[in-house]
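Fold and contact review
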Amino acid sequence: MDIIRVVEATKKYKDATVLSGVTVSFESGKIHGIVGRNGSGKTMLFKCICGFVPLTSGQIFVNDAQIRKDVDIPKDVGIIIEAPGFLPNYSAYGNLKLLSDIKRTIGRRKIKDTISLVGLDPDDRKRVGKFSMGMRQRLGIAQALMESPSLLILDEPFSGLDKHGVREMRELFLSLREQGKTILLATHNSEDISLLCDTVCEMDGGTLTVLPKS
């Protein structure tokens, strides 16, 4: 079953075409990688899938709901796009607790367990403003995971992580796939693709090509 369907997706800003007739489907329960240089259209595609930016033309469906027609933002999705933003004077737990209070679907224990899952201490009162880039990235992954979504859309999720952190997060993503989660991730790293991804697409100049998985 395809969890995401993108049909002739085009996005234009004045004379610039950022996405050019992108058509692709992503099957549920797999890790799908998208590679491409900066400015190739990866992040814009993710923003359109998440409903953050409207298409100029075309359609995007997530779980059979058309984005910005049936729903504004897809349900049951965890998202990292660009650098995660947090309140600098709150702890890791404090930040996620504030976010969880919006939907009120999870409690204190689930938040703490998710923080532990990404290798942070849920009881650490250190302010996020004092976090390293890698710690912030781990917390961003925790934010995407904490409500146990079936779909994760992750733009450069390993950014800022050291080798140990990258290895831990790769293992985490593989375990999530084993649990039946679907992950769509953008990365510059060919090793991420070879170790993690079931399918690979390349973005270049706003067009998308499905690549053979070596």
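All of the points below concern the structure found in this document. (Residues numbered from 1 in each chain as written. Predicted model: local features only at pLDDT ≥ 70, side-chain atom pairs only at ≥ 80, totals over all residues. Heavy atoms only, no water.)

Examining the sheet that holds strand E2 (residues 16–27)
The criterion, for reference: When DSSP locates at least two bridges between a pair of strands, those strands are taken to pair. Only DSSP runs of H or I covering at least 4 residues are called helices, and only runs of E covering at least 2 are called strands; the numbering of each starts at the N terminus.
Pairing in this open sheet of 4 strands is antiparallel, and the strands run E2-E1-E4-E5 from one edge to the other. For this open sheet the edge positions go to E2 and strand E5 (65–66), each flanked by a neighbour on one side alone. As judged from the 2 bridges shared by strand E4 (residues 57–62) and E5, these two strands associate in the antiparallel manner. Among the inter-strand pairings, Val-62 is bridged to a residue of E5, identified as Ala-65.

A few points about the pairing of strand E10 (residues 207–211)
A regular strand places its side chains so that they alternate between the two faces of the sheet. Sheet topology note: the strand E9 (residues 199–204)/E10 ladder contains 5 bridges and is antiparallel. Considered in E10, the bridge of Met-203 is made with Leu-208. Counted along the chain from E9 to the antiparallel partner E10, the turn is 2 residues long, and its residue Gly-205 has a positive phi close to 60°.

Here's the deal with the packing of helix H4 (residues 133–145) against helix H5 (residues 163–178)
Helices that pack against each other are described as a pair by the angle of their axes relative to one another and the distance between those axes. Counted only if it meets this: Axis angles are defined between N-to-C directions and span 0 to 180 degrees, where every axis is a line fitted to C-alpha atoms and, for a helix, only to the segment in contact. Small angles under 35 degrees read as roughly parallel and large ones over 145 as roughly antiparallel, with 65 to 115 read as roughly perpendicular and the rest as oblique. Whether two residues touch is decided by their heavy atoms; if any such pair falls within 4.5 Å, the residues are in contact. In this classification, Asp, Glu, Lys and Arg are treated as charged, Ala, Val, Leu, Ile, Met, Phe, Trp, Tyr, Cys and Pro as nonpolar, and every other residue, Gly included, as polar.
For the pair H4 and H5, interaxial distance at closest approach is 12 Å and the crossing angle is 10°. Taken together, H4 and H5 sit at an angle that is classed as roughly parallel. Note on element contacts: H5 touches H4 through His-164, Gly-165, Glu-168, Met-169, Leu-172, Phe-173 and Leu-176, opposite Arg-138, Ile-141 and Leu-145. In the contact of H4 with H5, the residues fall into 6 nonpolar, 2 polar and 2 charged.

What about the sheet that holds strand E7 (residues 151–155)?
Pairing is mixed in the open sheet, where 6 strands are placed in the order E6-E7-E8-E3-E9-E10. Single-partner strands in this sheet number two, and they are strand E6 (77–80) and E10. Geometrically, the sheet is characterised by an average inter-axis angle of 15° between neighbouring strands, direction not taken into account. In this structure, strand E3 (residues 31–35) lies alongside E9, joined through 4 bridges in parallel fashion. The partner of Ile-34 across the bridge, within E9, is Cys-201. Sitting on the sheet, H5 touches E3, E7 and strand E8 (182–186), and the angle it makes with E3 is about 135°.

Comments concerning unusual backbone geometry
Convention followed: Three labels apply to residues, based on accessible area from a 1.4 Å probe with only protein chains included: buried if under 20% of the type maximum, exposed if over 50%, partly exposed otherwise in between.
Despite not being glycine, Glu-8 shows a phi value in the positive range, around 50°. Summarising the element assignment, Glu-8 is placed in strand E1 (residues 2–13). The exposure class assigned to Glu-8 is partly exposed, which follows from its relative accessible area of 48%. Even without glycine at this site, Ser-148 takes up a positive phi of about 55°.

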